[in-house]
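Understanding the architecture of this molecule
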Amino acid sequence: MELVKVQNIVKHFRKQKGMFGAFETVKAVDDVSFSINEGETLGLVGESGCGKSTLGRIIIRLLREDSGKIFLNGKELTALNFNELKPLRRDMQIIFQDPFASLNPRIRIGAAVAETLEILKDEDAVRKAAKMLEMVGLPSSAFSKYPHEFSGGQRQRICIARALVSRPKFILCDEPVSSLDVSVQAQIINLLKDLKDELGLTYLFISHDLRVVRNISDRVAVMKDGKVVEIADNETIYKYPVNAYTKELIGSVQETGKEL
Amino acid sequence: MTENALLSIRGLHTYFFPGKAVGRAVEGVSFDVGSSESIGLVGESGCGKSVTALSILRLVSRPGKIVSGEIIFERGGKKEDMLLLSEQEMTKVRGGEISMIFQEPFTSLNPVFRVEYQVGESAKLHLGIKGEALRALVMETLSGAGIKDAERVADSYPHELSGGLRQRVMIAMALISGPKLLIADEPTTALDVTVQAQILDLLADIRLKRKLSVIMVSHDLGIINRICDRVNIMYSGRIVESSPKKEIFSNPLHPYTAGLLKSIPSLSKIEKRLPAIPGNVPDPFDPPAGCRFHPRCQKAMDICKKTEPGETVVDGRMVKCWLYK
Ligand SMILES: Nc1ncnc2c1ncn2[C@@H]1O[C@H](COP(=O)(O)OP(=O)(O)OP(=O)(O)O)[C@@H](O)[C@H]1O
Ligand code: SF4
Ligand SMILES: [Mg+2]
């Protein structure tokens, strides 16, 4: 079943070239359409500035599109105003790249995780937050600690707990492991996979790292200059890439497995 | 010490002293770099890769300090300990005999000077050339760094160039005085993968053409695979394994090396669960006792918790682990 539908999304920015240069229009997202099925992980891969994050933010309504439509569970999100969107926020969450920047240093972990629920006026917020912290593999003592007491990997676990505590259906993962060490990165990828199975989640997984995308995704979309240039299931796109840019991306990956 | 080593580092200790605490960033690092050899220095964040690289050029700044060790470098047929050279001599070494390139080319280029001036500066200083000869050498070096329209790039300011071009300019700047050793600290980490692949190709090509010795610092074993002959794996301020590239990927000795290799997702093989290393990278201000890796090691024995393993040489490879004693 189709959970998310992206229809002809367009977003342009005006940007100045250099310090004194003329203004130019950047087509950050240039007529993009696709859908994500329930329980699926769609990987979105591309290089810096290709529009991945802009598109992600439009989908979860953190940013307004110039034109096009977004549907969640058949409901058109792009037709709703701020108040109408509020109850739906529970269903969509985001996990960012930088677990350092996205946690307030003065708020205890337990409170940070419970916050989403309290905004939603959930009376059981504290108990649910504690349970969620346990699910992401943190000790119960984490509840009353501050962010600085945790390593990068642990902070990303906290951010994951915070995103999942409202039991959303759809998670936008925007480079969630890019700032982590390889050994810790593998832990977080495993955790995201486990949680997806346990909670029946649907992911849009944005990354510049094809190796990571290949490992976690059911289908993969390749983005370049604001356009999705190729989309196919994981096996097909890796074995039989059609688009020239997809081929170049695959060819650029430095593998450790094979002798060079 | 290898007889024909260009650079020999012995027992390097570099510590940080912010206030009362002591951060043992580099603790007893020893390795050689042969002439025309390319060495990889690999490890996770905070393991001491950059501090080791900076120590070689004595660029560690306060509260950091080189506490002990030797850094023997061959200069004009003589072996000299760079830790004993005068600061004046060191300025001849830096950029002249040993060059360094960094991760973010933007921060190491001066925004208010044109590329030609910046690339030429080092040649002026170290080779003492100027005028037309200097301009010709700048153009030649820029072209050698794979820059097609060298004239235009030479006349540009750094901000007018793409990330990939800026890194090529940095490489030209590092090479113009004809150094014998190039130290590259994560030179492609800030770049997109397709550009990264091009820069790696360039470095692989240049090092052969110029018979350059290279120390490549990276957290990415894939990059090391592309460019290095020998790989040194660092963990918590130490080199825990040093092996030729061929062997390290097919038959890692140290449990950490093995774990690191397995935790990298691969394009060709999808694993349902990635074999991750549990736990976190140790804090250099509060490292575990014994083998620094023991809290995360599945093969840890009693002795590992108490006593740190020394070096063991196995078939020309070096490993620090009780399994090989
Ligand atoms: N200016 C400083 N003040 C205090 N400690 C420092 C400083 N610079 C480095 N260190 C310490 O030295 C250790 C090693 O740092 P280094 O920069 O060499 O790590 P690295 O291996 O290059 O990591 P990365 O992959 O993150 O670049 C760090 O964990 C840090 O504690
Ligand atoms: S010395 Fe012991 S703990 Fe350290 S890597 Fe070897 S087996 Fe593991
Ligand atoms: Mg570093």
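Above this note sits the structure.
Given the structure is predicted, the values throughout are model-derived calculations rather than measurements.

Residues and elements named next belong to chain B. Taken in spatial order, the 8 strands line up as 6-7-8-3-9-10-12-11 in an open sheet, and their pairing is mixed. Each edge of the open sheet carries a strand with a single partner, namely strand 6 (98-101) and strand 11 (312-314). On average, each strand axis in the sheet is tilted by 20° relative to the strand beside it, whichever way the strands run. Two strands pair when backbone bridges link them, and strand 11 and strand 12 (residues 317-319) are joined in this way by 3 bridges, in the antiparallel orientation. Looking at the pairing, T312 lines up with V319 of strand 12. The strands that helix 1 (residues 49-56) touches are strand 3 (38-42), strand 6, strand 7 (181-185), strand 8 (213-218) and strand 9 (230-235); relative to strand 8, the one it contacts most, it runs at about 150°.

Bringing a nonpolar patch on the surface into the picture now. All names here are of chain B. There is a patch of nonpolar side chains on the surface, built from V112, F113 and Y117 and spanning about 280 Å² of accessible area. Looking at the element boundaries, Y117 is found in helix 4 (residues 115-127). The exposure class assigned to Y117 is partly exposed, which follows from its relative accessible area of 36%.

Bringing helix 4 of chain B into the picture now. All names here are of chain B. Taking 1.5 Å of rise per residue, 13 residues should cover 18 Å, and helix 4 covers 18 Å from first to last C-alpha, within 8% of that figure. The inward-facing, buried residues of helix 4 contact helix 5 (131-144), helix 6 (150-154) and helix 7 (163-175). The positive-phi residue at the C-terminal boundary of helix 4 is G128, with phi of around 65°.

What follows covers the packing of helix 3 (residues 109-119) of chain A against helix 4 (residues 125-135) of chain A. For any two helices packed against each other, one specifies the crossing angle of their axes together with the interaxial distance. Residues and elements named next belong to chain A. Viewed as axis vectors pointing N to C, helix 3 and helix 4 meet at an angle of 125°, and their least axial separation amounts to 8 Å. As the angle between them shows, helix 3 and helix 4 are arranged oblique. Between helix 3 and helix 4 lies a crossing whose hand is right-handed. In this structure, helix 3 contributes I109, G110, V113, A114, L117 and E118 to the contact, and helix 4 contributes A125, V126, K128, A129 and L133.

Once that is clear, we can look at the site of ligand 1. Residue and element names in this part refer to chain B. What surrounds ligand 1 is a group of 13 residues, the closest being G46, G48, K49, S50 and V51. G46 places a polar main-chain atom, nitrogen or oxygen, 2.8 Å from an oxygen atom of ligand 1. The side chain of K49 places a nitrogen or oxygen atom 2.7 Å from an oxygen atom of ligand 1. For ligand 1, whose free accessible area comes to 630 Å², the fraction covered by protein is 66%. The leading source of residues in the shell around ligand 1 is helix 1, at 3 residues.

Residue and element names in this part refer to chain B. Pairing is antiparallel across the open sheet formed by 4 strands, whose spatial order is 2-1-4-5. At either end of the open sheet lies a strand with only one pairing partner, and these are strand 2 (23-34) and strand 5 (78-81). Each neighbouring strand pair of the sheet contributes to a mean axis angle of 5°, computed without reference to strand direction. Taken together, the 4 bridges between strand 4 (residues 64-75) and strand 5 define a ladder with antiparallel strand orientation. By the bridge assignment for strand 5, R75 is matched with K78. Relative to strand 1 (residues 5-16), helix 1 is tilted by about 120°, and along the sheet it contacts strand 1, strand 2 and strand 4.

Rules behind the numbers
Residues numbered from 1 in each chain as written. Chains lettered and ligands numbered in written order. Predicted model: local features only at pLDDT ≥ 70, side-chain atom pairs only at ≥ 80, totals over all residues. Heavy atoms only, no water. Pairing = 2+ DSSP bridges. Helix = DSSP H or I, 4+ residues; strand = E, 2+ residues; numbered from the N terminus. Axes fitted to C-alpha atoms, helices over the stretch in contact; angles between N-to-C directions. Contact = heavy atoms within 4.5 Å. Patch = residues over 30% accessible without salt bridge, like charges linked within 9 Å, V, L, I, M, F, W, Y side chains within 5 Å. Areas by Shrake-Rupley, 256 points an atom, 1.4 Å probe, with all protein chains shown as cover. Salt bridge = Lys/Arg side-chain N within 4 Å of Asp/Glu carboxyl O. Buried < 20%, exposed > 50% of the residue type's maximum accessible area, 1.4 Å probe, protein only. Expected span 1.5 Å × (residues − 1). Parallel < 35°, antiparallel > 145°, perpendicular 65-115°, else oblique. Left-handed = near helix turned anticlockwise from the far one by under 90°. Near = heavy atom within 4 Å. Polar contact = N/O pair within 3.5 Å; in protein donor to acceptor, adjacent residues only side chain to side chain.

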